[in-house]
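The lines below spell out each chain.
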Amino acid sequence: MRLLINILLFSSFITLLLTTAQLYLDYHRDVSAIEQRLNEIREGYADSITASLWNIDKNLLQSQLEGIASLPDIVQATVTETVRDDGNTLIISAGRKDSEVHIWRDIDLFDSSRGQKQHIGILRLGATLSDVYRRLIDKTMIILLSQGLKTFIVSFFILYVVHQLITRHLIKISNFVSHMSLRDKLAPLSLDRTAPRHFDEFDHMIDAFNGMQINLEAAYDQLRQANSTLETRVQERTHSLEDQIVERQAIENSLRESEERFRDVAEAASDWFWELDADLVFTFISVRIFELTQLPHDALIGKTLPYLMDKGYLSINGDNAETLRVLLNEHHPLHAIEGRIQSANGKGFDIQIDGKPLFNADGAFIGYRGAGRDITIRKAAEEAIKRSHKDLELLVEKRTAEVHKLSQAVEQSPVLVTITDTIGTIEYVNSACMKIFGYSCDALIGQNMSILRSGLTRNSTYHDLWQSISSGNEWSGEILNSKKDGSTVWMQVHIAPVKDEDGIISHYIGIEEDISLRKEHEERILHQAQYDDLTNLPNRMLAMDRLNQAIIMSSRNNTQVALMFIDLDDFKKVNDSLGHEVGDALLVEATSRLLNAVREGDTVARQGGDEFLIILAGLHNPNDAEPVIQKILSAFTAPFVISGSDFVISPSIGLSIYPNDGNDAVTLLRNADAAMYKTKEQGGNGYSYFTNSMNEEGLKRLDIERHLLGALGNNELSLAYQPIIDVKTRTIVGTEALIRWNSPTLGFVSPEEFIPIAERTGLIIPIGHWVMETACAQVSDWNKRFNFNLGLAVNVSPRQFRNQHILQTLDVGLATGLAPSLLEIEVTEGLLITNKAPAVTLLNALKERGVNLSMDDFGTGYSSLSYLKTLPFDTLKVDRSFIRDIVDDPDDLALVSAAISMANALGLKVIAEGVETQEQFKILNALNCHQVQGYFFSKPIAAPLFEALLMENKTFGHVQA
């Protein structure tokens, strides 16, 4: 047995040694691969992320970071902006926050677009070694299993011999032990063998096991009895702990409710509450003090009382300042400490501070908590009283004059001053009562203050008022009172008790100020925050709140909610071509029609632009929304008459239903938006209910966007070249570069699918940069090698004109050596419609660089004629939609003829797109069209095939003029 053990131990040691060496090499290789991947990210993504961060394109940054985070072993990617220092630093993250990060890499982002290198942010990457560890574990298991098999074969023979002499007896002993039961008695253990001469190890084992069985049976009886006792004690202790837990939870809930109640009272009270920490720094001050002083929040919070005194915000008169410092330093209570606080506009207010020190359970000081109040009015009254008493002692006549002056000031004050007895009967009121309430002084004297009640102020407010002042305290608050004519007026009320010489309350003095204008201003601000200024409809924020409320009520009543997402078809063209005033008037009229089409209680809201939301609650099935839909479609059949002109605008409607299409407002809005776009795709002027297939289309777009992020870096994009033919010589005089994408995952993706996504995400900037550089370099190479003057046409997106990206892209293209006169930039009318003034400036800048400009897709817009006349275009490209039916459609023939004639008159070159037949070419030749392109000559082909076409020096002789 000892020999067998030695063999196994030696084999295991050798196996472990070899495995460790192999695993170390694999681990080092995997870590190096991760470091290489981080370097590749720095080289391949830093520039595009820098551009996105410079443009503050959050959506593109998020998409780029998610693409990086999807790479192997990369679990976190974060971009942090370092340009701004105003506290609004932009931080965008992507990845798995719960993943363990073992390797961090920071990449500095520098922008050089403005001629100098500027540090604008940091890209922080986090990589995990979890997959490396998992692969090492798998490899360890494989190596150990293979080495174990070898050891097994070597040891098998030894095991066989040992089995005959030793193992079979051990097996019998093992079986005896495995069947040993404390409940069932077994016969004593014995071995089937010839008795040895001497007492050997097996005999010792047999005696030991037989003795162990006897001892275990006795121990089992003792253990069973002890276990029963322990279970009883554990059960009793468990019940005790459960009671303690329930009691503690109740205490915690009570403390939490008390804290929330304190915060609410602190925020609502006219007095303010404050807290200091152990360092005597303000950690909390309720909002009343900021309303009073108009000071910013950070002017007080985080500051000490001595600091505020030094800064001039707070002043404590005379010995009170030193007394306050002593009390604070020795942690004594603060009682009626009076001082003066300075407001933001320089106005001072008299205040009174009370507070008590706080100590923890160990008796250690942890801070102060207290309250403060505005005693400006009281101090003024006290000062007046003091002056009156002093004047009385000096001269009775002077006292009479001062009292008269004070009486006149109170009488003529715009603030209402009242004096009542202890039950509220008016004994004095100044003349402001006529201006504020419409009552004469005589009409109010002798009346109870309740005559001014409107019935709209909560009873709890009056209860708190009387409880406070009857206890000898002052009360301040807002009350909605009633005028003599029945209208209401908001009053800011401050009431203080007046005590006699014995300290008994004899009267109450009240000072009330009309704050109706302030309340109206507050209500106006609230309305502006929740309603659209133009249409006075609820805005998106209020609409989402109402949708949430409708969902809650629908869930309670077991009903359904329909959310309509409405977009006005072709509104943008009207707004851009005729001006925002016409567009705004059209939106107001559309709002009126929508309101007249819905049911009472339905919500019509403005989502933004020409988009509206309608919430239909209380439906029993989706078909209940049909009558409202039909009324909306019918309401838009009549033309809109704006400034004497008629406009026909139709709605595209998308609907999502709660709970079928989502259980929350955000999901319902997203799905209704998807349904609306489905209606748009079907031609508009209709409606669509959300279906799962729409969600699949949205997921497909997201999938394209996700893969497009890495398409450029993975060399998945390519260019195809379509020849441009001179009509007279029928030879190739130029080419148009067209982008293609063949994704390893998605396959061939049409430009019609991924170009809009690239424009929306901003990826069109680096893609357009690559297209310009690649195409210019290719055509320049052909011209140099074959001694050609081949022209190049490149389409650019309106997005490339933002922030003058097009100029940088053009400079890169021209740096390849292509002559500027051979390069033609194709732009669409959409660029001029969306951003005309800056676009015109950039078009002029392009012309200054010597390139040609082409108006692409001519004939599909609204204002192409004016653009051709006033802007520096060299070429007009007639859209393929007009060429397609030029042979059979007289209208298309007339339009193309007019366009060519007009271009010739303006000195512009004309290129016809989409030429596919001999007949089309003949007509264009007869109309004096200069150049053509289309499948009739060649489809877009890869660079090697186009080069072969050039090498043939081909003249399209089969084309008959």
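The rules behind these values
Residues numbered from 1 in each chain as written. Predicted model: local features only at pLDDT ≥ 70, side-chain atom pairs only at ≥ 80, totals over all residues. Heavy atoms only, no water. Salt bridge = Lys/Arg side-chain N within 4 Å of Asp/Glu carboxyl O. Helix = DSSP H or I, 4+ residues; strand = E, 2+ residues; numbered from the N terminus. Buried < 20%, exposed > 50% of the residue type's maximum accessible area, 1.4 Å probe, protein only. Pairing = 2+ DSSP bridges. Contact = heavy atoms within 4.5 Å. Axes fitted to C-alpha atoms, helices over the stretch in contact; angles between N-to-C directions. Expected span 1.5 Å × (residues − 1). Arc of directions from axis to C-beta. Phe/Tyr/Trp six-rings, centres within 6.5 Å; stacked < 30°, edge-to-face > 60°. Lys NZ or Arg CZ within 6 Å of the ring centre and 35° of its normal. Disulfide = S-S within 2.5 Å. Core = buried A, V, L, I, M, F, W, Y, C linked by side-chain atoms within 4.5 Å. Polar contact = N/O pair within 3.5 Å; in protein donor to acceptor, adjacent residues only side chain to side chain.

### Concerning the pattern of salt bridges
The full count for this structure, using the stated rule, is 30 salt bridges. The residue Glu275 makes a salt bridge to Arg369 at a minimum N-O spacing of 3.2 Å. Of this pair, Glu275 sits in strand E5 (residues 272–276) while Arg369 sits in strand E10 (residues 365–374), placing them 94 residues apart in sequence. Between Glu913 and Lys877 there is a salt bridge; the shortest N-O distance is 3.4 Å. In this pair, Glu913 is assigned in the loop between strand E30 (909–912) and helix H28 (918–926) and Lys877 in strand E29 (residues 875–878), connecting sequence segments 36 residues apart. Taking relative accessible area as the criterion, Lys877 reaches 0% and is therefore assigned buried.

### Section: the sheet that holds strand E8 (residues 334–342)
The strand order across the open sheet formed by six strands is E6-E5-E10-E9-E8-E7, and the pairing between neighbours is antiparallel. Looking at strand neighbours, the two that pair on one side only are strand E6 (282–285) and strand E7 (314–315), the edges of this open sheet. Inspection of the sheet shows strand E9 (residues 348–359) paired to E10 by nine bridges, in the antiparallel sense. The residue bridging Pro357 from the neighbouring strand is Tyr368, located in E10. On top of the sheet, helix H7 (residues 319–329) reaches E5, E8 and E10; it is set at about 125° to E8, its chief contact.

### Some remarks on helix H27 (residues 890–906)
Compared with an ideal rise of 1.5 Å per residue, which puts 17 residues at 24 Å, H27 spans 24 Å between its outermost C-alpha atoms and is within 8% of the ideal. Residues of H27 that are buried: Asp892, Val896, Ala899, Ile900 and Ala903. Along H27, the residues classed as buried sweep out an arc of 95° about the axis, all on the same side. Within H27, the exposed residues directed more than 90 degrees away from the buried face are Pro890, Asp891 and Ala905. Residues of H27 that are buried make contact with strand E28 (852–858), E29, helix H26 (880–883), E30 and H28. One or two residues past the end of H27 sits Gly907, with phi positive at roughly 75°.

### Describing the packing of aromatic side chains
Counted according to the given criterion, the structure contains 14 aromatic pairs. On the basis of an interplanar angle of 70° and a centroid distance of 5.4 Å, the ring pair of Tyr721 and Trp782 is categorised as edge-to-face. Of this pair, Tyr721 sits in strand E23 (residues 717–726) while Trp782 sits in helix H21 (residues 764–786), placing them 61 residues apart in sequence. Residues Phe921 and Phe937 carry aromatic rings whose centres are separated by 5.7 Å and whose planes lie at 75° to one another, so their mutual orientation is edge-to-face. Of this pair, Phe921 sits in helix H28 while Phe937 sits in the loop between strand E31 (931–932) and helix H29 (943–951); the two residues are 16 residues apart in sequence, bridging distant segments of the chain. Here Phe937 falls in the buried class, since its relative accessible area comes to 10%. We note Arg453 situated over the ring of Tyr462; from NZ or CZ to the ring centre the distance is 3.7 Å.

### Considerations on the state of the cysteines
Applying the stated criterion to the full structure yields zero disulfides. Unpaired in this structure, Cys441 has its nearest cysteine sulfur neighbour in Cys433, at a distance of 3.7 Å.

### Some details on the pairing of strand E21 (residues 651–658)
Within E21, eight of the eight residues are buried, which leaves it mostly tucked inside the rest of the structure. Every second residue of E21 is oriented toward a common face, with Pro651, Ile653, Leu655 and Ile657 on one face and Ser652, Gly654, Ser656 and Tyr658 on the other, all of them buried. Note that strand E16 (residues 560–568) and E21 share eight bridges and pair antiparallel. Its bridge partner being in E21, Leu568 is matched across the sheet by Pro651. Pairing geometry for E21 and strand E22 (residues 686–689), over four bridges, is parallel. Each residue of the ladder has a partner; that of Leu655, found in E22, is Tyr689.

### Observations concerning the nonpolar core
Among the nonpolar cores identified, the biggest contains 78 residues, and Leu823, Leu924 and Val932 are the most heavily contacted of them. It is H21 that provides the largest number of residues to this core, a total of ten residues. What Leu924 contacts, discounting residues up to four positions off in sequence, is Ile883, Ile886, Val896, Ile900, Ala912, Val915, Cys929 and Val932. If you look at the next biggest cluster of nonpolar residues, it comprises 32 residues, including Ala562, Ala597, Phe612 and Ile657.

### Brief notes about the sheet that holds strand E1 (residues 74–81)
An order of E2-E1-E4-E3 is seen for the four strands of this open sheet, with the pairing classed as antiparallel. Only two strands of the sheet have a single partner each, and these edge strands are strand E2 (91–95) and strand E3 (103–111). Strand-to-strand twist in this sheet, taken as the mean axis angle between neighbours without regard to direction, amounts to 15°. Running over the sheet, helix H2 (residues 58–69) touches E1, E2 and strand E4 (118–127) and is turned about 35° from E2.

### Some remarks on the environment of Leu810
Of note, Leu810 is situated in helix H22 (residues 805–814). Taking the C-alpha atoms as reference points, Leu810 and Val851, separated by 41 residues in sequence, lie 9.2 Å from one another. Setting aside chain neighbours within four positions, we find Leu810 in contact with Leu823, Leu846, Arg849 and Val851.

### Considerations on the side chain of Thr761
Of note, Thr761 is situated in helix H20 (residues 751–761). Residue class for Thr761 comes out buried when judged on its relative accessible area of 2%. In this structure the side chain of Thr761 is engaged in a polar contact, spanning 3.4 Å, whose partner is the backbone oxygen of Ala758. A distance of 3.4 Å separates a polar side-chain atom of Thr761 from the backbone nitrogen of Leu763. Apart from the residues within four sequence positions on either side, Thr761 is in contact with Asp57, Leu60, Glu705 and Arg799.

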